[in-house]
Number of protein chains: 2
Amino acid sequence: MKRIIILAGVLLCAQPVFAKGDAAAGEQKAMMCVACHGATGKVSVPMYPNLAGQNAGYLEHSLQAYKKGERSGGQAEIMKAYVSGLSDEDISNLAAYYASIKP
Amino acid sequence: MKRIIILAGVLLCAQPVFAKGDAAAGEQKAMMCVACHGATGKVSVPMYPNLAGQNAGYLEHSLQAYKKGERSGGQAEIMKAYVSGLSDEDISNLAAYYASIKP
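Residues numbered from 1 in each chain as written. Chains lettered and ligands numbered in written order. Predicted model: local features only at pLDDT ≥ 70, side-chain atom pairs only at ≥ 80, totals over all residues. Heavy atoms only, no water.

In the nomenclature of an unreviewed UniProt entry, chain A corresponds to Cytochrome c from the organism Buttiauxella izardii.

Put into structure tokens, the structure is as follows:
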């Protein structure tokens with residue numbers, strides 16, 4: 001029962017997010033991501049996530065959360081340092097770029 | 001310069017993690033993940049991440065971090081509730097299963 005309530009909450013809170021960024025502009029910004037996330041969003045170091053083909057909405061939400069310090073644990077501090085200088089537009093563009101790559 | 005130091009730290013800390021789980025056993029456990037992460041690890045709600053083809057090492061590390069409460073922000077509390085009953089073996093198996101799915 002508890003799980004059903006949690007699930008209902010998850011689904012009610014889920015708002016679709018649509019990619020609105022410029023993938024070509026995102027590709028230019030993605031140079032800063034290559035060392036950990038691979039040249040095409042596919043990593044060689046398995047402790048980091050692949051980004052190629054990931055949902056733009058999720059990527060944008062995550063990058064904003066790192067920037068705002070809303071995430072902790074894992075590589076959150078490092079991610080915050082990397083994304084702190086990005087504008088909202090940069091973040092949208094990066095999300096659109098990685099979502100556009102075939103995984 | 002700061003970025004170079006951060007990058008060096010990231011690379012030095014990166015330890016390869018190899019999948020050791022049983023994907024078939026993981027598939028059985030994955031029923032609990034379907035509502036948010038899709039029947040085959042590809043989501044229909046863009047605010048959640050696709051899991052199909054993600055690195056097993058990253059998935060395992062993330063699930064352990066959720067279970068231990070080492071992550072906050074985003075859906076961390078919900079993820080903690082979902083994975084709190086999973087054993088280390090369950091987590092390895094789930095990671096192996098999602099890593100095995102073609103994205």
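What follows deals with the side chain of R71 of chain A. All names here are of chain A. Tracing the sequence through the fold places R71 in the loop between helix 4 (56-67) and helix 5 (76-83). In this structure R71 is buried but unpaired, with E70 as the nearest side chain of opposite charge at 7.6 Å. A distance of 3.3 Å separates a polar atom in the side chain of R71 from a polar atom in the side chain of S62. (Helix = DSSP H or I, 4+ residues; strand = E, 2+ residues; numbered from the N terminus. Buried < 20%, exposed > 50% of the residue type's maximum accessible area, 1.4 Å probe, protein only. Lys, Arg positive; Asp, Glu negative; His and termini not counted. Salt bridge = Lys/Arg side-chain N within 4 Å of Asp/Glu carboxyl O. Polar contact = N/O pair within 3.5 Å; in protein donor to acceptor, adjacent residues only side chain to side chain.)

Residues and elements named next belong to chain A. Between helix 4 and helix 5, whose axes approach to 8 Å, the crossing angle comes to 95 degrees. As far as their axial angle goes, helix 5 and helix 4 are roughly perpendicular. Where helix 4 approaches helix 5, its residues L63, Y66 and K67 are matched on the opposing element by A76, M79, K80 and V83. Partitioned by chemical class, the residues of the contact of helix 4 with helix 5 number five nonpolar, no polar and two charged. (Axes fitted to C-alpha atoms, helices over the stretch in contact; angles between N-to-C directions. Parallel < 35°, antiparallel > 145°, perpendicular 65-115°, else oblique. Contact = heavy atoms within 4.5 Å. Nonpolar A, V, L, I, M, F, W, Y, C, P; charged D, E, K, R; others polar.)

Our next topic: the packing of aromatic side chains. Residues and elements named next belong to chain A. By the definition in use, this model includes two aromatic pairs over all chains. Taking the centre distance of 5.0 Å and the plane angle of 55 degrees together, the rings of Y97 and Y98 count as tilted. Take Y97 and Y98: they sit in the same class, and that class is buried. Above the face of the Y66 ring, R71 is positioned so that its terminal group lies 4.9 Å from the ring centre. (Phe/Tyr/Trp six-rings, centres within 6.5 Å; stacked < 30°, edge-to-face > 60°. Lys NZ or Arg CZ within 6 Å of the ring centre and 35° of its normal.)

For side chains of opposite charge, pairing can occur when their charged atoms come near one another. Residues and elements named next belong to chain B. Following the criterion strictly, the structure yields six salt bridges over all chains and no others. For the salt bridge of K20 with E60, the shortest nitrogen-to-oxygen distance reads 2.9 Å. With K20 in the loop between helix 1 (2-13) and helix 2 (23-29) and E60 in helix 4 (residues 56-67), the pair connects residues that are 40 residues apart, well separated along the chain. Judged by its relative accessible area of 10%, E60 falls in the buried class.

Let's shift gears to helix 5 (residues 76-83) of chain B. Taken as a whole, helix 5 of chain B has its buried residues at A76, M79, Y82 and V83 of chain B. The arc that holds the buried residues of helix 5 of chain B, viewed along the axis, is 120 degrees, so those residues lie on one side. (Arc of directions from axis to C-beta.)

Residue and element names in this part refer to chain B. In a regular helix each residue adds 1.5 Å, so 13 residues correspond to 18 Å; helix 6 (residues 88-100) covers 18 Å between its end C-alpha atoms and thus fits that length. Along helix 6, the residues that are buried comprise D90, I91, S92, N93, L94, A95, A96, Y97 and Y98. If you follow the buried residues of helix 6, they end up packed against helix 2 and helix 4. (Expected span 1.5 Å × (residues − 1).)

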